[in-house]
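Coordinate inspection notes
One-letter residues, chain by chain:
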Amino acid sequence: ADLNRVVPLWIHGDKAEFTENDSILDFSMGAILNFEETLDSAFLLASFPSSCTVEGTWPSIWDDLIDGFMQLLNGKNNDGVFLASGWKFVIWNILGDQDNHVNVFKMPHWSKACFCWDCKQEKDEALCFKNGLPFGGRRTIAEEMESRISAHPLFKIPGVSSYNICHDAMHVLFCDGLLSRAMGCFLKHQCWRDGPG
């Protein structure tokens, strides 16, 4: 019955240059089932310039965000008052480029032979795939929930794990070889040639 009143959410993180010598890391969220354009319907969660960041900056921000996401998951605030008429909101997708996955969530770096983090194979092995399947087999969701790859506080929310992280095909293509780079550039050109969308 709970599933009748659940809204699946996406979270997106990215770092972008905003001055000639500084970048800003921001996180936003939105509803997956929303039919509005992203820029009209996304909600900015947090944004902070890299030059102003100290060791405790993002952990403090994530503490507050995690508390908010737990309230959304429960459908109630910390005082037990229902939110949005009792609707619950669950994190369904964690979006971003490979830099975001590696630097923020501490996933395996794409330069490794095996950067698919649901693989049981040792990450520094020379080969990862044989006949299309990882040598070590794929980690199950139960294995991920028992032994998390990332210690990021987002994954302390029940049900949220590395399995929620989505690969951005265009960015993945940019990471591996000349042909892949060309395909990624073509996709970017097709997506942005006539403006966003």
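Residues numbered from 1 in each chain as written. Predicted model: local features only at pLDDT ≥ 70, side-chain atom pairs only at ≥ 80, totals over all residues. Heavy atoms only, no water.

1. Focus: the layout of surface pockets
Taken as a whole, the second largest pocket holds about 400 Å³ of empty space. As for the second largest pocket, its lining consists of 18 residues, of which Leu25, Trp58, Asn103, Val104 and Lys106 are closest to the centre. Those elements that place two or more of their residues in the lining of the second largest pocket are strand S1 (6-19), helix H2 (57-74) and helix H3 (98-103). Partitioned by chemical class, the residues of the lining of the second largest pocket number seven nonpolar, six polar and five charged. (1 Å grid on protein atoms, 1.4 Å probe; cavity = no way out; pocket = protein on both sides within 12 Å on 5 of 7 lines; lining within 4 Å. Points joined across faces, edges and corners; volume = space filled by probe spheres on them. Helix = DSSP H or I, 4+ residues; strand = E, 2+ residues; numbered from the N terminus. Nonpolar A, V, L, I, M, F, W, Y, C, P; charged D, E, K, R; others polar.)

2. Describing the environment of Trp87
Within the secondary structure layout, Trp87 lies in the loop between H2 and strand S4 (88-96). Spatially, the C-alpha atom of Trp87 lies 9.6 Å from that of Leu3, the residues being 84 residues apart in sequence. Ignoring any residue separated from it by four or fewer positions in sequence, one finds Trp87 in contact with Asn4, Arg5, Val6, Val7, Leu72 and Gly75. (Contact = heavy atoms within 4.5 Å.)

3. As for the pairing of strand S2 (residues 22-31)
Among the ten residues of S2, eight are classified as buried, and the element is accordingly described as predominantly covered. In the sheet, S1 pairs with S2 via ten bridges, with the strands oriented antiparallel. Each bridged residue has a counterpart across the sheet, and for Lys15 the counterpart in S2 is Leu25. Pairing of S2 with strand S3 (residues 43-49), which is carried by six bridges, proceeds in the antiparallel orientation. Residue pairing across strands places Met29 opposite Phe43, the latter belonging to S3. (Buried < 20%, exposed > 50% of the residue type's maximum accessible area, 1.4 Å probe, protein only. Pairing = 2+ DSSP bridges.)

4. Comments concerning the side chain of Asn164
Here Asn164 shows up in the loop between helix H4 (141-146) and helix H5 (169-174). Within the structure, the side chain of Asn164 is placed 2.8 Å from the backbone nitrogen of Ser161, a separation counted as a polar contact. Sequence-distant contacts of Asn164, defined by excluding residues within four places in its chain, comprise Ile91, Trp92, Asn93, Ile94 and Gly159. (Polar contact = N/O pair within 3.5 Å; in protein donor to acceptor, adjacent residues only side chain to side chain.)

5. Here we look at unusual backbone geometry
In this structure, Ser85 takes a positive phi of about 55 degrees despite not being glycine. Among the secondary structure elements, Ser85 is positioned in the loop between H2 and S4. The backbone phi angle of Lys106 is positive, close to 60 degrees, even though this residue is not glycine. Mapped onto the elements of the fold, Lys106 is located in the loop between H3 and strand S5 (129-130). Lys106 gets classed as exposed once you look at its relative accessible area, which sits at 57%.

6. Overview of the nonpolar core
Ranked by internal contacts, the top residues of the largest apolar core, which has 25 residues, are Ile11, Phe27, Phe69, Ile91, Ile94, Phe105 and Leu154. Counting only elements with at least two residues in this core, the list comes to S1, S2, S3, H2 and S4. Of the residues forming this core, the biggest block, six residues, is contributed by H2. (Core = buried A, V, L, I, M, F, W, Y, C linked by side-chain atoms within 4.5 Å.)

7. A word on the sheet that holds S3
Note: strands within a sheet are paired through backbone hydrogen bonds, in either parallel or antiparallel orientation. Pairing in this open sheet of four strands is mixed, and the strands run S3-S2-S1-S4 from one edge to the other. A single partner strand is all that each edge strand has here, and the edge strands are S3 and S4. Pairs of neighbouring strands in the sheet enclose a mean axial angle of 20 degrees, with direction left out of account. With respect to the sheet, H2 is in contact with S1, S2, S3 and S4, its orientation differing from that of S3 by roughly 170 degrees. (Axes fitted to C-alpha atoms, helices over the stretch in contact; angles between N-to-C directions.)

8. Brief notes about H2
Here H2 is 18 residues long and its end C-alpha atoms lie 27 Å apart, about the 26 Å a rise of 1.5 Å per residue gives. Those residues of H2 that fall on the buried side of the exposure criterion are Thr57, Trp58, Trp62, Leu65, Ile66, Phe69, Gln71 and Leu72. Along its buried surface, H2 packs onto S1, S2, S3 and S4. Residue Gly75 follows H2 closely and has a positive phi angle near 75 degrees. (Expected span 1.5 Å × (residues − 1).)

Read these as spatial facts, not as claims about activity.
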